[in-house]
Amino acid sequence: SYQSGPALHAYRVSVAVAKAASRAWRNAPCLYRPTAADCERVRLVWKSIESPGRLAACIEALPEARAIHLMRHPCGHVASVLRGEAARRFGDLVPSGEELWLLKMLLATSVGKTHNLTMDELKGLTPEERLTWRWVLTQEQILADVEHNPRVFTVRYEDVCAEPVAMTRRMFEFADLDWRPQTEEFIHASTEATDADYYSVFKQPQASAERWRSELTPQV
């Protein structure tokens, strides 16, 4: 509601140009970025899939921020990572299951030490098993770091997929955001259509939540 149709189009074009330019010029800037400077009440939202382990530090550094911690079933997480790597949708050259430096860091955390795991043991596991241990060590550390913190709301991905509108309302209430008709319209539109693109938000939620059951082999 804070920008017009032409402004939204200009923003999308600017993002596309920045992405194309970044292939030759790293970190090419987005020429037009709406700021909602004229609005009295603005909420800046930051989504990250690479910084879950930093959640406690972010909450401490940003005393007015509220965080929603979205936790997905470990099999769903593993299947999603493998699917993204197979489609070459990630920028990392090293497969996630081979990032031993990250596992080493996680083992050194307070939670990691309770499992009595060694790097030699993790090196002997399959990539899928290492990805699962990465999920376990990361999620357990997050839960330990933010336990009893009223500014952090942990939500199960599968619950959001089961009740998109109801769960989104709960998240909006937690974040002190107004509920608008366009929000509910977008939820209905994005959960009733399917886009095959890996990063698309237009997906049938229940199918997405259960997709790992047909993607992963019984052995995995």
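Just so it is clear, the model here is predicted, and its values are computed rather than measured.

Visitor: How would you summarise the overall build of the protein chain if you had to cite specific residues and measurements?
Guide: For the protein chain, the helix and strand inventory stands at 12 helices and 2 strands. From first element to last, N terminus to C terminus, the protein chain shows the α and β order α-α-β-α-α-α-α-α-β-α-α-α-α-α. Each principal axis of the C-alpha atoms in the protein chain carries an extent, and together these give about 55 × 45 × 35 Å. The 220 residues of the protein chain split such that 30% are buried. Across the protein chain, every contact between residues at least 6 apart in sequence was considered, and the portion connecting residues at least 24 apart equals 57%. On the protein chain, the mean spot of the 27 positive side-chain charges and the mean spot of the 29 negative ones are 5 Å from each other.

Visitor: Account for the packing of aromatic side chains, naming residues and giving values.
Guide: Tallied over the entire structure, the rule returns 5 aromatic pairs. Ring geometry for F90 against Y198: centres 5.8 Å apart, planes inclined by 75 degrees, an arrangement best described as edge-to-face. On the criterion of sequence distance, the pair formed by F90 in the loop between α3 (74-86) and α4 (100-107) and Y198 in the loop between α10 (181-192) and α11 (205-210) is long-range, its members being 108 residues apart. The partly exposed category is assigned to F90, whose relative accessible area is 28%. Take Y198: its relative accessible area is 19%, and that puts it in the buried class.

Visitor: I'd like to hear about the packing of α3 against helix α7 (residues 127-146), residue by residue, with values.
Guide: Relative orientation of the contacting elements α3 and α7 amounts to 125 degrees, with a least axis distance of 10 Å. With respect to their mutual orientation, α3 and α7 come out oblique. Remark: the crossing between α3 and α7 carries right-handed chirality. Residue-level inspection shows P74, H77, V78, V81 and L82 of α3 in contact with α7, the latter providing E128, L131, T132, R134 and W135.

Visitor: I'd like a description of the side chain of E99, backed by residues and values.
Guide: Of note, E99 is situated in the loop between α3 and α4. Given the relative accessible area of 11%, E99 is considered buried. Every residue in contact with E99, bar those within four places of it in the chain, is listed here: D92, V94 and R134.

Visitor: Describe α10, with residues and values.
Guide: Structural remark: α-helix, 3.6 residues per turn; residues separated by three or four positions point the same way. If you check α10, its first and last C-alpha atoms are 17 Å apart, about what 12 residues at 1.5 Å a residue would give, namely 16 Å. Taken residue by residue, α10 has T183, I187 and S190 as its buried positions. Along α10, the residues classed as buried sweep out an arc of 80 degrees about the axis, all on the same side. What points out from α10, more than 90 degrees from its buried face, is the exposed set P181, E185 and E192. Structurally, α10 contributes buried residues whose contacts are with α9 (164-174).

Visitor: Quick rundown of the pairing of strand β1 (residues 67-71)? Include the residues and the values.
Guide: Burial along β1 is one-sided: A67, H69 and M71 are buried, while I68 and L70, pointing the other way, are not. Both β1 and strand β2 (residues 152-156) contribute to a ladder of 5 bridges, which runs parallel. Along β2, the bridge assignment pairs A67 with V152.

Visitor: Describe in detail unusual backbone geometry, supporting the description with residues and values.
Guide: Phi at R88 takes a positive value of approximately 55 degrees, unusual for a residue other than glycine. At N116, a position not held by glycine, the phi torsion is positive, near 55 degrees. Of the residues examined, N116 reaches a relative accessible area of 64% and is grouped as exposed.

Visitor: Hey, could you go over the environment of D195 for me, with residue numbers and the actual values?
Guide: By secondary structure assignment, the location of D195 is in the loop between α10 and α11. With 103 residues separating them in the primary sequence, D195 and D92 have C-alpha atoms 24 Å apart. Sequence-distant contacts of D195, defined by excluding residues within four places in its chain, comprise S200, F202 and K203. A distance of 3.0 Å separates a polar side-chain atom of D195 from the backbone nitrogen of D197.

Rules behind the numbers
- Residues numbered from 1 in each chain as written.
- Predicted model: local features only at pLDDT ≥ 70, side-chain atom pairs only at ≥ 80, totals over all residues.
- Heavy atoms only, no water.
- Helix = DSSP H or I, 4+ residues; strand = E, 2+ residues; numbered from the N terminus.
- Buried < 20%, exposed > 50% of the residue type's maximum accessible area, 1.4 Å probe, protein only.
- Contact = heavy atoms within 4.5 Å.
- Lys, Arg positive; Asp, Glu negative; His and termini not counted.
- Charge placed at Lys NZ, Arg CZ, Asp CG, Glu CD.
- Phe/Tyr/Trp six-rings, centres within 6.5 Å; stacked < 30°, edge-to-face > 60°.
- Axes fitted to C-alpha atoms, helices over the stretch in contact; angles between N-to-C directions.
- Parallel < 35°, antiparallel > 145°, perpendicular 65-115°, else oblique.
- Left-handed = near helix turned anticlockwise from the far one by under 90°.
- Expected span 1.5 Å × (residues − 1).
- Arc of directions from axis to C-beta.
- Pairing = 2+ DSSP bridges.
- Polar contact = N/O pair within 3.5 Å; in protein donor to acceptor, adjacent residues only side chain to side chain.

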